[in-house]
Amino acid sequence: MEQTPHPSDEALCLSAAQGDPQAETELVRRYNRLVRVCARPLFLAGGDSEDLIQEGMLGLLTAIRSFDPKRDAAFRTYAEICVRSRMLTAVRAAQGGKHAPLNHSVSYEPPLFDGTNAYLFSSAESPEDVVIGREELRERLEALKGRLSKFEAQILPPYLSGLSCAEIAQRVGRSQKSVDNAIQRIRRKTAL
């Protein structure tokens, strides 16, 4: 019984460029291990190894879709460069704090500060969802207390309810500029 020869990586890239999804899938299967090997020595701040592998897979897809056989390079070499480049870019971005507001922010919805729980849970939710929701609310409030000054905590509820700086200033008896400055500090601290 004769075995059918496996197409080369370069031939699969050509097929993928012509719209063959199976060729692209086969290349991803072949290079899955390479992506994992490239991810092992790297550390992604605020992420884990699966995040790096995902970045590497995106680099692999870029290599598959942009490979040019006329450049006189093997696909494997090109793919490894694209995978490593994508991973290193992700690591540098994480080290530079580029995504820090996304990785370390806490969501603060206006209903959390209106004094009631009426808007936090719908009647369609299970009792478990209600309990978990209340625990999450408590955790958010504790996280907020640790980040804001007393004055910032005082102006946050009216700010979230939609009052202007002038209205808040009048309510708390401070200048509009000090309220505006406090709102800017809150925004930096909570990524609102």
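Everything in this summary refers to the structure shown in the same document.

Criteria and thresholds
- Residues numbered from 1 in each chain as written.
- Predicted model: local features only at pLDDT ≥ 70, side-chain atom pairs only at ≥ 80, totals over all residues.
- Heavy atoms only, no water.
- Helix = DSSP H or I, 4+ residues; strand = E, 2+ residues; numbered from the N terminus.
- Buried < 20%, exposed > 50% of the residue type's maximum accessible area, 1.4 Å probe, protein only.
- Contact = heavy atoms within 4.5 Å.
- Core = buried A, V, L, I, M, F, W, Y, C linked by side-chain atoms within 4.5 Å.
- Axes fitted to C-alpha atoms, helices over the stretch in contact; angles between N-to-C directions.
- Parallel < 35°, antiparallel > 145°, perpendicular 65-115°, else oblique.
- Left-handed = near helix turned anticlockwise from the far one by under 90°.
- Nonpolar A, V, L, I, M, F, W, Y, C, P; charged D, E, K, R; others polar.

**Observations regarding the environment of Phe75**
Then comes step 1: Tracing the backbone through its elements, the reader meets Phe75 in helix H4 (residues 75-95).
Then comes step 2: Take Phe75: its relative accessible area is 0%, and that puts it in the buried class.
Then comes step 3: Taking the C-alpha atoms as reference, Phe75 lies 6.0 Å from Glu10; in sequence the two are 65 residues apart.
Then comes step 4: With sequence-adjacent residues up to four places away left out, Phe75 is seen in contact with Asp9, Glu10, Cys13, Leu27, Tyr31, Leu60, Ala63, Ile64 and Phe67.

**Focus on the nonpolar core**
Then comes step 1: Ranked by internal contacts, the top residues of the largest apolar core, which has 26 residues, are Leu27, Val35, Leu60, Phe75 and Met87.
Then comes step 2: Listing elements by their share of this core, those giving two or more residues are helix H1 (9-17), helix H2 (21-39), helix H3 (49-66) and H4.
Then comes step 3: Here Val35 is in contact with Ile53, Gly56, Met57, Leu60, Val83 and Met87, once residues within four sequence places are set aside.
Then comes step 4: Core analysis: the second largest hydrophobic core is formed by 14 residues, Ile155, Leu156, Cys165 and Ala182 among them.

**So, the side chain of Glu152**
Then comes step 1: Locating Glu152 in the fold gives a position in helix H7 (residues 150-160).
Then comes step 2: Looking at Glu152, the relative accessible area reads 1%, which means it is buried.

**Concerning the packing of H1 against H2**
Then comes step 1: Two elements in contact, H1 and H2, have axes whose closest approach is 8 Å; the angle formed by their N-to-C orientations is 140°. Accordingly, the angle class assigned to the pair H1 and H2 is oblique. Between H1 and H2 lies a crossing of left-handed hand. Here Asp9, Leu12, Cys13, Ser15 and Ala16 of H1 come into contact with H2, specifically with Ala23, Glu24, Glu26, Leu27, Arg30 and Tyr31.
Then comes step 2: Split by residue class, the contact of H1 with H2 holds 6 nonpolar, 1 polar and 4 charged.

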